Amino acid sequence: MRMDEQPRTTWVEDRPTDRPAPQPAYRSRRPDLRLGARSHRVERTADETADRLAVRYTVRTATAEYTLLLNAPGWFGHKGLGDALRDAVAELRAVDLTYGPTRPESLVSRLRRGEISAESYQPLADLVDRCAAMRAATDGWFDAWAVPGGFDPGGLLGGWAVERAAARLRAAGVHDYAVLTGADLVVRGNAAHGGPWRVAVHHPTDGRRPPLVLEMTAGAVGTSGVSGRRGHVVDPHTGEPADQLSAATVVGPDLAVADAYATALYAAGPAGLSWFRAGSDYRALLADRRR
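Residues numbered from 1 in each chain as written. Predicted model: local features only at pLDDT ≥ 70, side-chain atom pairs only at ≥ 80, totals over all residues. Heavy atoms only, no water.

A. Fine view of the nonpolar core. In terms of nonpolar packing, the biggest core is built from 65 residues, with Leu68, Leu70, Tyr99, Leu156 and Leu265 touching the most fellow members. Of all the elements, helix H6 (residues 255-268) adds the most residues to this core, at 12 residues. When near neighbours in sequence (up to four residues on either side) are disregarded, Leu156 contacts Leu127, Arg130, Cys131, Met134, Phe142, Ala256 and Ala260. Of all hydrophobic cores here, the second largest spans 18 residues; its members include Leu33, Val187, Val199 and Val201. (Core = buried A, V, L, I, M, F, W, Y, C linked by side-chain atoms within 4.5 Å. Buried < 20%, exposed > 50% of the residue type's maximum accessible area, 1.4 Å probe, protein only. Helix = DSSP H or I, 4+ residues; strand = E, 2+ residues; numbered from the N terminus. Contact = heavy atoms within 4.5 Å.)

If you want it as structure tokens, here you go:
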């Protein structure tokens, strides 16, 4: 089958960091998290128990809203969990303040104006290097330099912020968590009920279609195109708005990479499915053609 003869929606079933829940299990157990339709939703599941602590917190920065769900053994203590949450939230706010391309005094804005070099700050160098790596991995379809005004890591920055916040959680000793923003998420370990996180990924444009349910203990889901805005992703080769797909979702180990792949796939259209070959850590979960 040629690429242009592929079905409108492409679901890839084999992924190294997650797996679809068996259908009988899905029917009998509710998802913990739902993605799609432009946002996320957290289902009401297990409450805090004597031997397990759980916390849920939502924070809004200037550019995004994040929901963090943490759980830990009872011996970890409320203070330990609260301190870990505080550190993760501080990291999300710091990334927004320090690297947001819309902030005139951010490091990214200063880099664009030529006031500093990427090597001036190690995290900025990491951000630039990641963007360069994703430009190479996507044949130039993700290109943080092919935008008006110069370097703009927006297609990768949100996922990078979440991964940095997740690293703060792990450093604080929390290894069971989910961090969600929009239609993206990162999970690790188990949900508060003791089993893997059950994530229902809803089709962003067809509400009649049943969700694909993943059971995940480590990994990320990144989506581009569910904001409802046309033209928010451009073809970096022509500068014209991308219009082949209505949405693209990629799953893999790291949200920054999954986000960049999803942005690139949205821009490239079905041709971008060639990036996800057998043995890759990343998979295209959804590539939905416009009707």
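B. Local environment of the packing of aromatic side chains. Counted according to the given criterion, the structure contains seven aromatic pairs. Ring centres of Trp75 and Phe76 lie 6.0 Å apart, and the angle between their planes is 55°; on these two criteria the pair is classed as tilted. Where Trp275 meets Phe276, the ring centres are 6.2 Å apart and the plane angle is 65°; that geometry is what we call edge-to-face. In terms of burial, Trp275 and Phe276 fall into one category: buried. A connected cluster of aromatic rings, assembled from ring pairs, spans Tyr261, Trp275, Phe276 and Tyr282. The residue whose ring lies beneath Arg164 is Trp160, and the NZ or CZ to ring-centre distance is 4.9 Å. (Phe/Tyr/Trp six-rings, centres within 6.5 Å; stacked < 30°, edge-to-face > 60°. Lys NZ or Arg CZ within 6 Å of the ring centre and 35° of its normal.)

C. Seen up close, the pairing of strand S2 (residues 33-36). Side chains of S2 alternate between two faces, with Leu33 and Leu35 and Arg34 and Gly36 buried alike. Alignment of S2 against strand S8 (residues 197-201), held across three bridges, turns out to be parallel. Residue Leu33 lies in a different strand from S8, and its bridge partner there is Val199. (Pairing = 2+ DSSP bridges.)

D. Examining empty space enclosed by the protein more closely. One pass over the structure, following the stated rule, counts two cavities of 30 Å³ or more. Estimated volume of the largest cavity: approximately 50 Å³. What lines the largest cavity is a set of 12 residues, among which Gly36, Val201, His202, Thr223 and Thr249 lie closest to the centre. At the level of elements, S2, strand S10 (218-224) and strand S11 (245-252) are the ones that each hand at least two residues to the lining of the largest cavity. For the lining of the largest cavity, the per-class residue count stands at eight nonpolar, four polar and no charged. (1 Å grid on protein atoms, 1.4 Å probe; cavity = no way out; pocket = protein on both sides within 12 Å on 5 of 7 lines; lining within 4 Å. Points joined across faces, edges and corners; volume = space filled by probe spheres on them. Nonpolar A, V, L, I, M, F, W, Y, C, P; charged D, E, K, R; others polar.)

E. Representation of the pairing of strand S12 (residues 283-289) in the model. By the criterion of burial, S12 is predominantly enclosed, with seven of the seven residues buried. Pairing of S11 with S12 involves six bridges; the strand directions are antiparallel. Residue pairing in the sheet places Val250 in a bridge with Ala284 of S12.

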